[in-house]
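# Coordinate inspection notes
In case you want the letters, here they are:
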Amino acid sequence: MDVYTGKTLDDILDKVASEKNVDRQELTYYVTDEKTGFLGFGASVQAEVFAPSDVQAYIENYLSSFFDGLGQAVEVNVEVQKNNVNIGLNADNNAILIGKNGRSLQGLNTLMRQVVNSTFKRRFYVMVDINNYKQDRYQKLKSLARHVAKTVKRTKVDASLDPMPNDERRIIHKELTTISGIRTESEGQGRNRHLKIIYDATKE
């Protein structure tokens, strides 16, 4: 993150917005030092400032170095919109990057979420996908969850799904909020954390 110094914070934000050709509202900043001066003279502000393009450039450079170190040629596409960061990867050996049951991809998701949030001191929702693997899996999970939910509603017998990462549980939870008589809860710890689909008569 670049550090800027100016007489006022407004001066800094105007300068950075002009340099990066963005609106001030798109900038995120953290004041790191502020001097009031004497009778208004000598006042100055120092702040770390970044725009979505800085996040994008950082991720692209980080992943290029990461995959170069592994000796793998991987195409990287990054989109940053507000707090959402979508990272698309494609390589000749996508199956290896995805790993068994998507575990390698999930590990990469965890790594990038920690790296981005730590570097920019802000919580981003980071999603790494490889050749649309995650999107395809989300659609299959939604279909499965709706089928199970309908069975639970008909039989009034709760059902537990297989353990899955947080993003997949979130997708299912959101998908089932529109089904009357059904609610979801997460149970278990670590890799055993899973979603339970519960019949709830109060939501009929």
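Here, every reference points to the structure presented above.
Below: a short report on this structure. Nothing here was measured: the structure is a model prediction, and the numbers come from that model. (Residues numbered from 1 in each chain as written. Predicted model: local features only at pLDDT ≥ 70, side-chain atom pairs only at ≥ 80, totals over all residues. Heavy atoms only, no water.)

### Some remarks on the nonpolar core
Nonpolar side chains tend to gather and get buried jointly when the protein is soluble and globular. Counting residues in hydrophobic clusters, the biggest one holds 24 residues, and the most contacted among them are Val55, Ile59, Val85, Ile87, Leu89 and Met112. Counting residues per element, this core draws most heavily on helix α4 (residues 103-120), which supplies 5 residues. Apart from residues no more than four positions distant in its own chain, Val85 is found in contact with Val55, Ile59, Val78, Glu79, Val80, Phe124, Tyr125, Val126 and Met127. (Core = buried A, V, L, I, M, F, W, Y, C linked by side-chain atoms within 4.5 Å. Buried < 20%, exposed > 50% of the residue type's maximum accessible area, 1.4 Å probe, protein only. Helix = DSSP H or I, 4+ residues; strand = E, 2+ residues; numbered from the N terminus. Contact = heavy atoms within 4.5 Å.)

### Topic: the sheet that holds strand β3 (residues 44-50)
An order of β1-β3-β2 is seen for the 3 strands of this open sheet, with the pairing classed as antiparallel. Of all the strands in the sheet, just β1 (2-6) and β2 (28-35) have a single pairing partner and so form its edges. Between one strand and the next, the sheet's axes are offset by a mean angle of 25 degrees, whatever the strand orientation. Where β1 and β3 come together, 5 bridges link them in antiparallel fashion. (Pairing = 2+ DSSP bridges. Axes fitted to C-alpha atoms, helices over the stretch in contact; angles between N-to-C directions.)

### Some words on the pairing of strand β6 (residues 125-130)
Of all 6 residues making up β6, 5 are buried, and the element is well covered by its neighbours. As paired strands, strand β5 (residues 84-91) and β6 are joined by 6 bridges and run parallel to one another. Directly across from Ile87, in β6, lies its bridge partner Val128.

### Quick look at the pattern of salt bridges
Tallying each qualifying case throughout the model produces 11 salt bridges. One salt bridge in this structure joins Asp167 and Lys134, with 3.0 Å as the shortest N-O distance. Here Lys134 lies in helix α5 (residues 133-155) and Asp167 lies in helix α6 (residues 166-176), a separation of 33 residues in the sequence. Each member of the pair, Asp167 as well as Lys134, carries the same accessibility label: buried. Glu175 is paired through a salt bridge with Arg146; the nearest N and O atoms lie 3.3 Å apart. Here the residue Glu175 occupies a position in helix α6, and Arg146 occupies one in helix α5, the gap between them amounting to 29 residues. (Salt bridge = Lys/Arg side-chain N within 4 Å of Asp/Glu carboxyl O.)

### Some words on the packing of helix α2 (residues 52-69) against α4
Their axes nearest at 11 Å, the elements α2 and α4 cross at an angle of 135 degrees. In terms of their interaxial angle, α2 and α4 are classed as oblique. For the element pair α2 and α4, the recorded crossing hand is right-handed. For the pair formed by α2 and α4, the contact residues are Asp54, Val55, Tyr58, Ile59, Tyr62, Leu63, Phe66 and Phe67 on the first element and Leu108, Leu111, Met112, Val115, Val116, Thr119 and Phe120 on the second. Split by residue class, the contact of α2 with α4 holds 13 nonpolar, 1 polar and 1 charged. (Parallel < 35°, antiparallel > 145°, perpendicular 65-115°, else oblique. Left-handed = near helix turned anticlockwise from the far one by under 90°. Nonpolar A, V, L, I, M, F, W, Y, C, P; charged D, E, K, R; others polar.)

By themselves, these are just geometric observations and shouldn't be taken as functional.
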